[in-house]
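Residues per chain, in single letters:
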Amino acid sequence: MKSRIAASTALLALALAAGLLLPPVAQGFSPADAGFSPAEEGQKPAPKAPQKIDEEYTRTIKENLQDPRITTELVDHLPASDTVPSPLKFLGRAVGAPGELTYAKDIYRYYEALAKAAPTRAKYWKVGTTEEGRDIVLLAVGSEDSIKNLDKYRDMLGELTDPRKTTEARAQQLLHTTKPIYYVISGMHSPETGGPEMLIELAYRLIVEETPFIQNIRNNVITLITPVIEVDGREKQVDTYYFNKKRAQGDARLPLMYWGKYVQHDNNRDGMGQFLKLTQTVTKETLEWHPTVIHDLHEAQTYLYSSTGTGPYNNDIDPIVVSEWWTLAQNDVMEMTKRGVPGVWTYGFYDGWVPNYMFFIAHSHNSIGRFYEVQSYGPDPYPVTPPATTTSKEWFRPNPPLPTIKWGPRNNTNIQESALLFSLSHVAKNKDLYLENYWLKAKRAVDKGKTGPTYAWVIPATQRRKADAAQAVNELRMQGLEVSKASSAFKAGNVDVKAGDYVVRGDQPFRTLADMYFSIQNYAPQNPSPYDDTGWTFQYMRDLKIVPVSEKGILDQQMTLLTADAKAPGGVEGTGNVLVVDHTGDNTVVSFRFKNKDVKMLAAEDDFEAAGHKFRAGAIIVPNADRAKLEPMLKALGLSAWAMASAPSVRTHDLDIPRIGYVHSWTRTQDEGWWRAALDTFGVPYTYFADQKLRDGNLRSKYDVIIFPHVGGSAVSQVNGMPKTGNAPLPYKKTAEFPNLAFIDSSDDIRGGMGIEGLGELMKFVQEGGTLITEGSTATIFPEYGITSGVTVEEPAQLFVRGSILRAKITDMKSPISYGYESADLPVYFNQSPVLNVGGGGFGAFGGGRGGAPGTNPNGGIGQNVTPNALPLRIQPLEADTNSAPAGGRGERPAADETAQLRQMAQQFGITIDDTRPRVVMQFSANPNDMLLSGTLLNGQFLANRAAALDSSLGKGHVVMFAIRPFWRWQTQGTYTLGFNAIMNWNDLDAGKPQPGARGTASQQP
Ligand SMILES: [Zn+2]
């Protein structure tokens, strides 16, 4: 192996010395691209003199490489340039130097310098701004022709995007005259540091190098690079690395506390929700540039994984994409394996199912999305000794990773830069093929609308949640989906369409997006274990009506394309001093309350009829309303109100504006931000603080509501928080040296969580009349510590439900938490745990959403099931409610002395923990066979009748527990209102209870 590399390098040197033209051929193998012939516009002769090598830089490559097998002839040297600064010259160090990481701002300075030094081959500009105000940038690299005519090529790709406007003849011409765009993004997952480093060098090489291999890429592909997409996280990561370098031995190390403002790893699960700036930016660039490929660089696998996945693949991507995934990945494996580089592989790692990854933006726009998972950059060298399951020779890794190897940042650079160059080269050589496929995918998408069976989707504009419907339309439009408005009423098959209803035509180039989002998912459990969510049906998660139309005539109906944001109708009908705002479940209801903090508002406690309108419990009554002020606001929010002369006769309570505390744990800030995303968007203010501050006590004097979103882990680990390891405090503080830290919270010492003392204070807060809102893992804390009675946390090992949409039943329509919901059936997102059992239950009839006859597995349970989708699950439509007869493990438990301690504290606070059954607001379907709406589910009987949302009284206050995740990513907007209701009605949660509690009138408000 070693001698082969040496020989190839020696040959290169010899060729250069002799003034021979590259590429070198013969001797062992010839590089795949030896057969290159200049493309149409690359007719200029290759340079007469061989290009000089940057000796100093090339020396660092050799020195920093930890294992000589991890290299190729593409990256074992760096060409010299008299005009373009090398990374070493500009940044003071070569890429792959151990112990160093580069801030995004310095990568930007370098890219700017590259574009300045080589303006004919590179262009640099800003394309977006992060939540924390940092720039997101783009560098375009190509030949002189490509850069000069960048806009022309973009527009030609735009023509290929739309077969409704472009003729076949024109398309055939474009296939041969335009160039594919290969869009590389990296730095999304901030601890995965190598992609941005490698891209520093790749940009230089693509601009400067004069080998035919690179010339071919430069001439035939336009490379777009966003080196760091999660810019806020990158700067924190680099600070964190250097901070830890200065810590004394034995002291605790700082984890990367926050990445972006809202989430960590989930920034790569925002492809459908599109809440985060980075996702919005990539979508905007995709719609502008029509990239042929979007390639995202990650670091979570051994050596180099080139994406294809195990399947099941997403049901709605064009089948051509699957072949493209495999062709590109196999090309990587082949080229790297040919050069003897071990450990380049494909297949495993993830499934290819859920379209919430960033690179799936490509698939909903007829492009190719792919990613690498590279062995971590470090940046400190380390040995890699993977288990046998990673090093065995398999069909998908013919040259597997080695049992042990010395790894380091230069290995990481070499392996991913080489593979990426082979991908670029492959697309350059086959550019007509990939452009033709792009054109074909667009044509097939449009044709699907003409041949059915789904010709369009109708989103009724005046449906109950009309504000949320308009918001959904706007978010879909932002992703490039065209939405029209029906000009007049008509009937399409059995669908009644009203004038003004939104119509998503099926005959549009990006209809795949509608197919992916609006379809119902069926993830047969015989498949490999799902990598992420299995169900995401858009209209279920948003609790909206979106109706597929199987009547072709709809395409001939009069409709106008929306060219601006949709707005839900809203305002005030009638006259009188009292305004009654219907609670429709729209998320803007909470905005209306919080925008008018000083206005007295009441909530109706029952359904009622007034002014000829039927109101749902939760309707907001504004006595003595200032209509001139409120009406424009209602219009803007898409809410409807009725004015009347006097207040309707219905029981009411005051909607007291709560002071909200918001608790996060220092152990994990991954998921909690999705609550903040919703609160920030809909205008609900809160005070954000860490779990350890709960110990300070006096919570009730500061807050009325405390929100404690999902952390993950057991009740015990959540109470314990960040362990007190090491002697020195572990600060998360902003300093002159580390200015990027301490956003969005800070601490002198992040170690030590709330502990039993903090939990006691939380209990006291509730006892004194506060409302604590928990979800997911935090919902288990009070039951597990025995503070709330009547709730058992179950861990049924047989239950299999991974990020699915299930049918829940609102069992208490009078609970303020369910205000605004009209139907008892609500689709909810649930992911495996927690399973909360209130007052026993037991297991009744078996079943559980498993479709097909048992025992019909074609492989008879022996060997690998290679046709898992032949046995789909039984999925129920949401509205065909069969409602048949009801059917009926654990992590680390709190220590007995801790629960005893808590009981003692409870007594001191005057709390009696009795056996009162909590109020179950919503529970999972009683029938396991009608439970699954989208995704996957096995043994649903273990979830039947278990609580999805419950309200537990404790002292004068309440603990609201959500087993579901009402704020899951920017997707579950249909259940946001459950959380908002708990906040708005915080001191009247007993309303509608058969024997209402005494607290929570205006006079008792603090
Ligand atoms: Zn990653």
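Keep in mind that this is a model prediction, so the values were computed, not measured.

Scanning the chain from N- to C-terminus turns up 28 helices and 37 strands. Over its C-alpha atoms the chain spans a radius of gyration of 30 Å, differing by no more than 12% from the 30 Å that the globule rule assigns to 1006 residues. C-alpha atoms of the chain, sized along the principal axes, occupy 95 × 75 × 65 Å. Looking at the chain residue by residue over its 1006 residues, the buried ones come to 64%. In the form shown here, the chain has an accessible surface area of approximately 35000 Å², with 52% of it arising from carbon and sulfur atoms. Distance between charge centres in the chain, computed from 102 positive and 109 negative side chains, equals 1 Å.

A few words now on the nonpolar core. The nonpolar side chains of soluble globular proteins are, as a tendency, buried together. The biggest cluster of nonpolar side chains holds 274 residues, and the ones touching the most others in it are Ile415, Leu420, Leu421, Phe592, Phe782, Tyr785 and Met922. With 9 residues, the single largest contributor to this core is helix H8 (residues 194–208). Once you skip the residues sitting within four places of it in the chain, Ile415 turns out to touch Ile70, Tyr303, Leu304, Met336, Val341, Pro342, Val344, Val374 and Trp407. Of all hydrophobic cores here, the second largest spans 13 residues; its members include Tyr455, Val458, Val503 and Val549.

A separate point is unusual backbone geometry. With an omega of 10 degrees, the peptide bond running from Gly378 to Pro379 counts as cis. Structurally, the position occupied by Pro379 is in the loop between strand E8 (368–374) and strand E9 (382–384). Pro834 follows Ser833 through a cis peptide bond whose omega is 0 degrees. Tracing the sequence through the fold places Pro834 in the loop between strand E32 (825–830) and strand E33 (835–838). A positive phi is found at Tyr347, a non-glycine position, where the angle reads about 75 degrees. Examined against the element boundaries, Tyr347 turns out to sit in the loop between strand E7 (344–345) and helix H13 (360–363). Among the residues examined, Tyr347 registers a relative accessible area of 17% and is labelled buried.

This brings us to the sheet that holds strand E19 (residues 578–581). One open sheet holds the 6 strands; their spatial order is E18-E24-E19-E23-E20-E25, and the pairing between them is mixed. Each of the sheet's edge strands pairs with one partner strand only, and the pair in question is strand E18 (571–573) and strand E25 (652–654). For this sheet the average axis-to-axis angle between neighbouring strands, irrespective of direction, equals 30 degrees. Two elements, strand E20 (residues 602–604) and E25, share 3 bridges in a ladder whose sense is antiparallel. Opposite Ala603, over in E25, you have His653 as the bridge partner.

As a further point, take the layout of surface pockets. Counted as a void, the largest pocket has a volume near 720 Å³. Those elements giving two or more residues to the lining of the largest pocket turn out to be helix H19 (538–541), strand E16 (547–549) and E32. A per-element tally of the lining of the largest pocket places E32 first, with 3 residues. Looking at the lining of the largest pocket residue by residue, the classes come out as 12 nonpolar, 5 polar and 7 charged.

This part is about the environment of Phe594. Residue position: Phe594 is located in helix H20 (residues 588–595). Counting along the chain gives 434 residues from Phe594 to Leu160, while the straight-line C-alpha distance between them is 47 Å. Among all residues touching Phe594, those that are not within four sequence positions of it are Ile657, Pro658, Ile660, Gly683, Val684, Pro685, Ile983 and Met984.

Let's shift gears to helix H21 (residues 627–637). Helical geometry note: an α-helix holds 3.6 residues per turn, so side chains three or four residues apart project in the same direction. Along H21, the residues that are buried comprise Leu630, Glu631, Met633, Leu634 and Leu637. In this structure, the buried side of H21 is in contact with helix H17 (466–478), E18, E19, H20, strand E23 (620–622) and strand E24 (640–644). Phi turns positive one or two residues past the end of H21, at Gly638, with a value near 70 degrees.

Quick look at the pattern of salt bridges now. Counted by the stated rule, this structure contains 65 salt bridges. One salt bridge in this structure joins Asp532 and Arg969, with 2.9 Å as the shortest N-O distance. Both residues of the pair, Asp532 and Arg969, count as buried. Of the charged contacts in the structure, one is a salt bridge between Arg946 and Glu794, with a shortest N-O distance of 2.7 Å. With respect to class, Arg946 is no different from Glu794; both count as buried.

Before going further, it helps to examine helix H11 (residues 277–289). Helix length check: H11, at 13 residues, gives a terminal C-alpha distance of 18 Å against a target of 18 Å (1.5 Å per residue), a fit within 8%. Regarding H11, the residues found buried are Leu278, Thr279, Thr281, Val282, Thr283, Glu285, Thr286 and Trp289. Directly beyond the C-terminal end of H11, a positive phi value near 50 degrees is found at His290.

We now examine the coordination of the zinc ion. The textbook angles at a metal center are 109.5 degrees for a tetrahedron of four donors and 90 or 180 degrees for an octahedron of six. Donor atoms from the polypeptide that coordinate the zinc ion comprise His189 (ND1), Glu192 (OE), Glu192 (OE) and His298 (ND1), at 2.1 to 2.5 Å from the metal. Between the 4 donor atoms coordinating the zinc ion, the angles at the centre fall across 55 to 147 degrees, so the site counts as irregular. For the zinc ion, the donor residues sit on a single chain with the sequence spacing H-x2-E-x105-H. Residue His189 is found in the loop between strand E3 (181–186) and H8, and its partner His298 is found in strand E5 (residues 293–298); the two are separated by 109 residues along the sequence. In this pair, the class of His189 matches that of His298, namely buried.

Let us look at the packing of helix H9 (residues 212–220) against helix H15 (residues 409–429). Closest axis-to-axis distance for the H9/H15 pair is 9 Å, and the angle between their directions is 60 degrees. By the angle class used here, H9 and H15 are oblique. Crossing hand, H9 versus H15: left-handed. Where H9 approaches H15, its residues Phe213, Ile214, Asn216, Ile217 and Asn220 are matched on the opposing element by Leu421, Phe422, Leu424, Ser425, Ala428 and Lys429.

To describe a pair of aromatic rings, you give the distance between the ring centres and the angle between the ring planes. One pass over the full model with this rule turns up 52 aromatic pairs. Ring plane angle 75 degrees and centroid distance 6.3 Å describe the contact between Tyr258 and Trp666, whose orientation is recorded as edge-to-face. Here Tyr258 is found in the loop between helix H10 (231–245) and H11, whereas its partner Trp666 is found in the loop between strand E26 (660–664) and helix H22 (673–681), with 408 residues between them in sequence. Look at Tyr347 and Trp395: their rings are 4.8 Å apart centre to centre, the planes differ by 50 degrees, and that puts the pair in the tilted class. Highlighted residues: Tyr347 in the loop between E7 and H13 and Trp395 in the loop between helix H14 (388–391) and strand E10 (405–407), separated in sequence by 48 residues. Directly above the ring of Tyr153 sits Lys152, whose terminal nitrogen or CZ lies 5.1 Å from the centroid. Between the NZ or CZ atom of Arg154 and the centre of the ring of Trp289, over which it lies, the distance is 5.5 Å.

All right, on to the side chain of Asp318 then. Its location among the elements puts Asp318 in the loop between strand E6 (304–306) and helix H12 (319–338). The exposure class assigned to Asp318 is buried, which follows from its relative accessible area of 12%. Looking at Asp318, its side chain comes within polar contact range of the side chain of Arg444, at 2.8 Å. When sequence neighbours within four positions are dropped, the list of residues in contact with Asp318 reads Lys441 and Arg444.

Looking at the secondary structure, you find Met198 in helix H8. In this structure, the C-alpha to C-alpha distance between Met198 and Asn412, residues 214 residues apart in sequence, is 8.1 Å. Excluding residues within four positions of it along the chain, Met198 makes contact with Val95, Leu297, Thr413, Gln416, Glu417 and Leu420.

Another aspect to go through is the sheet that holds strand E17 (residues 559–561). Each strand in a sheet pairs with another by means of backbone hydrogen bonds, the pair being arranged parallel or else antiparallel. Strand order across the open sheet formed by 5 strands is E16-E11-E15-E12-E17, with antiparallel pairing between neighbours. Only two strands of the sheet have a single partner each, and these edge strands are E16 and E17. Pairs of neighbouring strands in the sheet enclose a mean axial angle of 30 degrees, with direction left out of account. By the bridge criterion, 2 bridges tie strand E12 (residues 484–486) to strand E15 (residues 502–505) in an arrangement that is antiparallel. Counted as the bridge partner of Lys485 is Tyr502 from E15.

Definitions and limits used
Residues numbered from 1 in each chain as written. Predicted model: local features only at pLDDT ≥ 70, side-chain atom pairs only at ≥ 80, totals over all residues. Heavy atoms only, no water. Helix = DSSP H or I, 4+ residues; strand = E, 2+ residues; numbered from the N terminus. Rg over C-alpha atoms; globule rule 2.2 N^0.38 Å. Buried < 20%, exposed > 50% of the residue type's maximum accessible area, 1.4 Å probe, protein only. Areas by Shrake-Rupley, 256 points an atom, 1.4 Å probe, with all protein chains shown as cover. Lys, Arg positive; Asp, Glu negative; His and termini not counted. Charge placed at Lys NZ, Arg CZ, Asp CG, Glu CD. Core = buried A, V, L, I, M, F, W, Y, C linked by side-chain atoms within 4.5 Å. Contact = heavy atoms within 4.5 Å. Pairing = 2+ DSSP bridges. Axes fitted to C-alpha atoms, helices over the stretch in contact; angles between N-to-C directions. 1 Å grid on protein atoms, 1.4 Å probe; cavity = no way out; pocket = protein on both sides within 12 Å on 5 of 7 lines; lining within 4 Å. Points joined across faces, edges and corners; volume = space filled by probe spheres on them. Nonpolar A, V, L, I, M, F, W, Y, C, P; charged D, E, K, R; others polar. Salt bridge = Lys/Arg side-chain N within 4 Å of Asp/Glu carboxyl O. Expected span 1.5 Å × (residues − 1). Donors = N, O, S within 2.8 Å, 3.2 Å for Na, K, Ca; no water. Tetrahedral: all angles 85-135°; square planar, octahedral: opposite > 155°, others 65-115°. Parallel < 35°, antiparallel > 145°, perpendicular 65-115°, else oblique. Left-handed = near helix turned anticlockwise from the far one by under 90°. Phe/Tyr/Trp six-rings, centres within 6.5 Å; stacked < 30°, edge-to-face > 60°. Lys NZ or Arg CZ within 6 Å of the ring centre and 35° of its normal. Polar contact = N/O pair within 3.5 Å; in protein donor to acceptor, adjacent residues only side chain to side chain.

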